[in-house]
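# Coordinates in review
Here are the chains, one letter per residue:
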Amino acid sequence: MWPFWWKGASGFSARSTAEEVTHGIDGTGLTAIVTGASSGIGEETSRVLALRGVHVIMAVRNTDSGNQVREKILKETPEAKIDVMKLDLSSMVSIRSFASEYKSLDLPLNLLINNAGIMACPFMLSSDIIELQFATNHLGHFLLTNLLLDTMKKTANERNREGRIVIVSSEGHRFAYREGIRFDKINDEASYNTMQAYGQSKLCNILHATELARQFKEQGVNITANSLHPGSIMTNLLRYHSFLNTIGNAVGKYVLKSIPQGAATTCYAALHPQAKGVSGEYLMDNNISNPSSQGKDKDLAKKLWEFSLSLTGEQES
């Protein structure tokens, strides 16, 4: 991460907030899905997109919490267009149900913000018998994106306006397992490491965006895909590590980003004119950055794509 005060080529820095990077931008006419929108940077991303006129669909696991956030946003911005839909990214049944319901509404889709995630949890399996961090952070978003791609392509074509997919990754991708992705040991409890499994899932986020961008370019599709590191932020992601959570709460105000700062790069990638045409990049602090060497491995990205297709039962698009 750059020093908080350092401004990159975009003119923004790590100190910039989501409201600041979207100042003066009119998102009227755009529709966005934001996963994990009921807390943390997902909530702030939803709030700021709605503030800028975007119709926001909050895709959340707990709809009661989601509706509470929706009401809070509407109190601040009464004219906001914001809805809540149920989505559990650890369940393929839930993901398919969400996508089917969304398509039935006949809504356009300009922006897909793959934000939701869990961090460093004890070894657990999803309802589909897949290690939970890989299932939630990567595979769920992979399936969701694939199921909504036709809608995004149709919207971009009919409205002649660039669609954008924004995938929230992390600098934690640098601390994945040595081989990067353990294709043959995804569910191996004996060798499971909470932080390395998190890093693996975040590496997958970067590679997912890389392969999406490659395919969009090859197909001539007017959609971009980028991944990003939001910054180090005190959210409920650390709930499985009470010691780190306690330390973070004690010193966070001195060394960590606020939630409005943490949501900035997501909102920049989703709305800012400077991001037009930018695809397959890894962003940090509202500027283009560099992932690890594994994060740049296009062959690994293709292998992950095929592996993910096999796990979700999806066909090549």
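Since the model is a prediction, treat every value here as computed from it, not as a measurement.

Summed over the entire model, instances satisfying the criterion amount to 12 salt bridges. R174 serves as the salt-bridge partner of E171, at 2.9 Å between the closest nitrogen and oxygen. Residue classification places E171 among the buried residues on the basis of a relative accessible area of 19%. Here R214 and E218 are joined by a salt bridge, their closest N and O atoms 3.2 Å apart. Linking R214 with E218, this pair stays in helix α6 (residues 194–219), spanning 4 residues, or about one helical turn. Classification of R214 by relative accessible area gives partly exposed; the value is 30%.

Let us look at the environment of A176. Residue placement: A176 occurs in the loop between β5 (163–168) and α6. With 25 residues separating them along the chain, A176 and S201 place their C-alpha atoms 8.0 Å apart. If we ignore the near neighbours within four places in the chain, the residues touching A176 are Q196, G199, Q200 and L203.

Okay, empty space enclosed by the protein next. Counted according to the given criterion, the structure contains 2 cavities of 30 Å³ or more. Empty space within the largest cavity amounts to approximately 60 Å³. Residue lining of the largest cavity: L89, S90, S91, M92, I95, S126, D128, I130, A135, L139 and G140, and that is the complete set. Secondary-structure elements contributing two or more residues to the lining of the largest cavity are α4 (92–104) and α5 (132–159). When the residues that make up the lining of the largest cavity are grouped by side-chain class, the tally is 6 nonpolar, 4 polar and 1 charged. In this structure, the second largest cavity occupies an estimated 40 Å³ of space.

The rules behind these values
- Every chain's residues receive numbers from 1 upward, in the order its sequence appears when written.
- Per-residue local features of the predicted model are confined to residues with pLDDT of at least 70, and side-chain atom pairs are confined, for both listing and counting, to 80 or more; whole-chain, interface and lining totals are unaffected and use all residues.
- Hydrogen atoms and water are omitted, and side-chain values are computed over all heavy atoms in the structure.
- We count a salt bridge whenever a side-chain nitrogen from Lys or Arg sits within 4 Å of a carboxyl oxygen from Asp or Glu.
- Three exposure classes are used, based on accessible area relative to the maximum for each residue type with a 1.4 Å probe and protein chains only: buried under 20%, partly exposed in between, and exposed over 50%.
- Helix and strand definitions follow DSSP, with helices as H or I runs of at least four residues and strands as E runs of at least two, each counted in order from the N terminus.
- Throughout, a contact is declared for two residues whenever any of their heavy atoms are within 4.5 Å.
- Each cavity reported here is a set of points on a 1 Å grid over the protein atoms alone in which a 1.4 Å probe fits but cannot get out, each pocket an open set with protein on both sides within 12 Å along at least five of seven lines, and each lining residue one with an atom within 4 Å of a point.
- Grid points are joined across faces, edges and corners, and a volume is the space filled by probe spheres set on the points.
- Polar here means any residue other than Ala, Val, Leu, Ile, Met, Phe, Trp, Tyr, Cys and Pro, which are nonpolar, and Asp, Glu, Lys and Arg, which are charged; Gly is therefore polar.

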